[in-house]
Amino acid sequence: MTESIDAIVVNYNAGNLLQTCIASLHVCPVVSKVIVVDNFSHDDSLRAIQHLPGVQIIKNNKNFGFAAACNMGIEKTDADYLLFLNPDCSFLPGTMSRIVEHMRADSAIGMAGGVLINPGDGTEQAGGRRAIPTPWRSFVRAFGLHRYANRWPRLFYDFCLHDELLPGAPVAVEAISGACMLVKREAIDDVGLWDEGYFLHCEDLDWCMRFRQKGWKILFIPDAKIIHQQGACSRSRPFFVEWHKHKGMLRFYRKFFRHQYPGILMWLVTFGVWFRFFLVAGYYLAKRMLDKL
């Protein structure tokens, strides 16, 4: 018996990118239905897809955030596999079939993803494969200590794996990106839904942590390529995005590492996260003022 696969796309003012995303799914013979959960968009992104066959649209009356919208999509399908895909992503031919093939080969695999590539030059983006950014690993990355990973790999391990050469075959990793995840329904029933305490960012890391805690493998497939127009849907609201990104970081650290690290270290982590937020916010404010000159 062939398992069913439905796609869930969370949309918020994605413009023409949503149509491109849906078009790439329509040429994937393994995908049965596309559920678009719209978080109260104010653009015309839904107009071009609202009459397409196999597309179901859920229109929200406010922006509930990414995790909550994903859960709404899950409630509308009983498919064996669910593909979570950002509207700024599109598939190259054969990509989806490769992900499904590798996922079906091992019953212990709970989720799988491929290589997120930049449009144009096809270079790999950060996030498609990564290690969990523990407080220590984040400290190492923030202060550039990852440069010493070749000399002391256990101490200065870098969680950003995209700087490494692509593996020659699919490999198990600690985390993949929520921009493109194929997830087994059986695993979702075991692990639970997305944590709606996150509004935007870090909810995918949270889910990966929980999948691994339950013993499910997370697979990264190097020959499955997904074009990702990174940041295209959030570029117009940088302060909003950064605020929720940093809030998500703190929720993630407190949820999984609060009892593993001394209180003083967690206080320093909290300080570091908000210090970074004010630096980033200051950069965007200065850029906006310069653009007006």
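The coordinates are above.
Bear in mind the structure is a predicted one, so any value in this text is a computation, not a measurement.

Asks: It is not clear to me how the packing of aromatic side chains should be interpreted in this structure. Could you clarify?
Replies: A ring pair, where both rings are aromatic, is described by two values, the distance of the centres and the angle of the planes. One pass over the full model with this rule turns up 11 aromatic pairs. When the centroid spacing of 5.1 Å and the interplanar angle of 70 degrees are considered together, the rings of Trp207 and Phe211 count as edge-to-face. Here Trp207 pairs with Phe211, and both are found in helix α6 (residues 203–213), just 4 residues apart, close to one helical turn. Residue Trp207 shares its accessibility class with Phe211, and that shared class is buried. Between Phe252 and Phe257 the ring centres are 5.8 Å apart and the planes differ by 70 degrees, which places this aromatic pair in the edge-to-face class. Taking relative accessible area as the criterion, Phe257 reaches 4% and is therefore assigned buried. Among the aromatic side chains, those forming a connected cluster through ring pairs are Phe66, Phe84, Trp194, Trp207 and Phe211.

Asks: In this structure, what is going on with the pattern of salt bridges? I would like to understand it.
Replies: Oppositely charged side chains are able to pair whenever their charged atoms sit close together. Per the stated rule, a full pass over the model turns up 13 salt bridges. Asp195 serves as the salt-bridge partner of Arg251, at 3.0 Å between the closest nitrogen and oxygen. Pair noted here: Arg251 is in helix α7 (residues 238–257) and Asp195 is in the loop between α5 (185–191) and α6, with a separation of 56 residues, a long-range link. When its relative accessible area of 13% is taken as the criterion, Asp195 is described as buried. A single salt-bridge network, built from bridges that share partners, covers Asp195, Asp206, Arg210, Arg251 and Lys255.

Asks: Help me out: how do you make sense of the state of the cysteines in this one?
Replies: Cysteine pairs can be covalently joined through their sulfur atoms, and such a bond is termed a disulfide. Taken as a whole, this structure holds 0 disulfides when the rule is applied. Between Cys28, a free cysteine, and Cys21, which holds the nearest cysteine sulfur, the sulfur-to-sulfur gap is 9.6 Å. Assessed through its relative accessible area of 9%, Cys28 is described here as buried. Cys89 forms no disulfide, and the closest cysteine sulfur to it belongs to Cys180, at a distance of 6.3 Å. Relative accessible area serves as the criterion here: at 1%, Cys89 is assigned to the buried category.

The rules behind each value
- Residues numbered from 1 in each chain as written.
- Predicted model: local features only at pLDDT ≥ 70, side-chain atom pairs only at ≥ 80, totals over all residues.
- Heavy atoms only, no water.
- Phe/Tyr/Trp six-rings, centres within 6.5 Å; stacked < 30°, edge-to-face > 60°.
- Helix = DSSP H or I, 4+ residues; strand = E, 2+ residues; numbered from the N terminus.
- Buried < 20%, exposed > 50% of the residue type's maximum accessible area, 1.4 Å probe, protein only.
- Salt bridge = Lys/Arg side-chain N within 4 Å of Asp/Glu carboxyl O.
- Disulfide = S-S within 2.5 Å.

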